[in-house]
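The primary structure of each chain is shown beneath.
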Amino acid sequence: MTRQFVFPLTTGRSGTVFLTELLRLNWIDAEVHHERLGYTQIGVESPDASHFTFFNSVGNVDHVRRFWAQKLERIAASDTVRYAEISHFLFKAGLVENITPLVEAGEVHLIILTRDPFKILWSYVNRFEFTNFGYTWLFALDPRYPNVLVNSAPFMEHGVAGSAFWYVHEVFARAEYYAMLTADIPDVHIHRVDLSDVTSLEGATQLLTALGASVTVDSVKMPPRQNATRQTHFDAKMERFCQRLAAGTPLLSRSIAEKYFTDGKRLANGARSNRKA
């Protein structure tokens, strides 16, 4: 049986916990993780702040490559036939640029998992997650990074909500960029799903089938709703502001990624080396 390795290309607050549980319930003989955190896991199983900051400023340098070599070569050398790590951290710190050990060992499946952008934004605003460097350097992307696809300046005029919404735009653009970057690699497969689809029996069945699971609509086990934002800290005025921000700044992910890619720019090179080929 061909080995399979699954990772998402997505923001947080997009349904990664739900997807993790869906795979745990239906992907037979699989090792499935969500976010591999903990005192001894940061910098070993998940990138630490320095891997994020190096990759998103100077690119796929030795420090970043060493992290991925120790992690991915360990996964490739294991006996696991099916491995999934549904963590939105990984691809923002160089996962795809360093994926070769897993491509040589089997098939890599990258899931572009999307959700209504306003819902992602509203969740971030209520969790205060873009108010300090601690979050943006460890788990997301900082709007001040130089090695990015989307110009953050117009978003930062809108305060914390703007920074959070820039992040949504940047991640969705990167997902499209990585679809282009891997298009010619036979053993890397891109799957596009929206949370609204994968939370239905039909959509879940379609994704699981694409990942090689022997399931039908009648046999799929659906997890309950996961990790929902249950408390809001802002009033209707702030919610309307976020709705206007989302409606007035539509996603242009594919066109932004296409221009970046065709201009010869690569995230692996870092901002200082990104020049037209």
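Above this text sits the structure in question.
Residues numbered from 1 in each chain as written. Predicted model: local features only at pLDDT ≥ 70, side-chain atom pairs only at ≥ 80, totals over all residues. Heavy atoms only, no water.

**A word on helix α12 (residues 253–262)**
Put simply, the test is: In this scheme, a residue with accessible area under 20% of its type's maximum is buried, one over 50% is exposed, and one in between is partly exposed, where area comes from a 1.4 Å probe on protein chains only. Helix numbering and strand numbering both begin at the N terminus, where a helix is a DSSP run of H or I of at least 4 residues and a strand a DSSP run of E of at least 2. Starting at the helix axis, one direction is taken to each C-beta atom, and the arc is that of these directions. Contacts: residue pairs with any heavy atoms within 4.5 Å of one another.
Here α12 has its buried residues at S253, A257 and Y260. End-on, the buried residues of α12 take up no more than an arc of 65 degrees, which puts them together on one face. Pointing more than 90 degrees away from the buried face of α12 are the exposed residues R254, K259 and T262. Check the buried side of α12 and you find it contacts α8 (159–181). Among the residues trailing α12, G264 stands out with phi positive, at a value near 85 degrees.

**A few points about the side chain of H33**
Positionally, H33 belongs in strand β2 (residues 30–33). Setting aside residues up to four positions removed in sequence, H33 forms contacts with T20, R24, Y83, A84, E85 and I86.

**Overview of unusual backbone geometry**
Most peptide bonds take the trans form, and the phi angle of most residues other than glycine is negative. At D29, a position not held by glycine, the phi torsion is positive, near 55 degrees. Looking at where D29 falls in the secondary structure, it is placed in the loop between α1 (16–26) and β2. The residue F128 is not glycine, and still its phi comes out positive at about 55 degrees. Summarising the element assignment, F128 is placed in the loop between α5 (117–127) and α6 (133–138). Overall, F128 belongs to the partly exposed group, its relative accessible area being 39%.

**Some points on the environment of F155**
Assignment of secondary structure puts F155 in helix α7 (residues 153–156). Residues F155 and R66 lie 89 residues apart in sequence; the distance between their C-alpha atoms is 34 Å.

**Observations concerning the pattern of salt bridges**
This is how the line gets drawn: Take a side-chain nitrogen of Lys or Arg and a carboxyl oxygen of Asp or Glu: if they are within 4 Å of each other, that pair is a salt bridge.
Using the criterion set out here, one finds 11 salt bridges in the structure. Across the pair E170 and R174 runs a salt bridge whose closest N-O atoms are separated by 2.8 Å. Remark: R174 and E170 occur in helix α8; sequence separation between them is four residues, near one turn of the helix. Two residues, R192 and E176, come together in a salt bridge whose shortest N-O distance is 2.7 Å. Within this pair, whereas R192 is found in strand β5 (residues 188–194), its partner E176 is found in helix α8, the two being separated by 16 residues in sequence. Take R192: its relative accessible area is 46%, and that puts it in the partly exposed class.

**Brief notes about the sheet that holds strand β1 (residues 4–9)**
The following threshold applies: At least two DSSP bridges between two strands are required for those strands to pair. With axes taken as lines fitted to C-alpha atoms, and helix axes fitted only over the stretch in contact, angles between N-to-C directions fall between 0 and 180 degrees.
Judged by pairing direction, the sheet is parallel, and its five strands sit side by side in the order β2-β3-β1-β4-β5 without closing on themselves. Edge positions in the sheet fall to β2 and β5, since each has one partner strand and no second. Recorded for the sheet is a direction-independent mean angle of 15 degrees between the axes of neighbouring strands. Looking at chain direction, β2 and strand β3 (residues 82–85) are connected through four bridges and run parallel. Residue pairing for β3: A30 is matched across the bridge by R82. Its contacts with the sheet place α1 against β2, β3 and β4 (107–114), and it is angled at close to 165 degrees to β2. Of the strands in this sheet, β1, β4 and β5 are in contact with α8, which crosses β4 at around 150 degrees.

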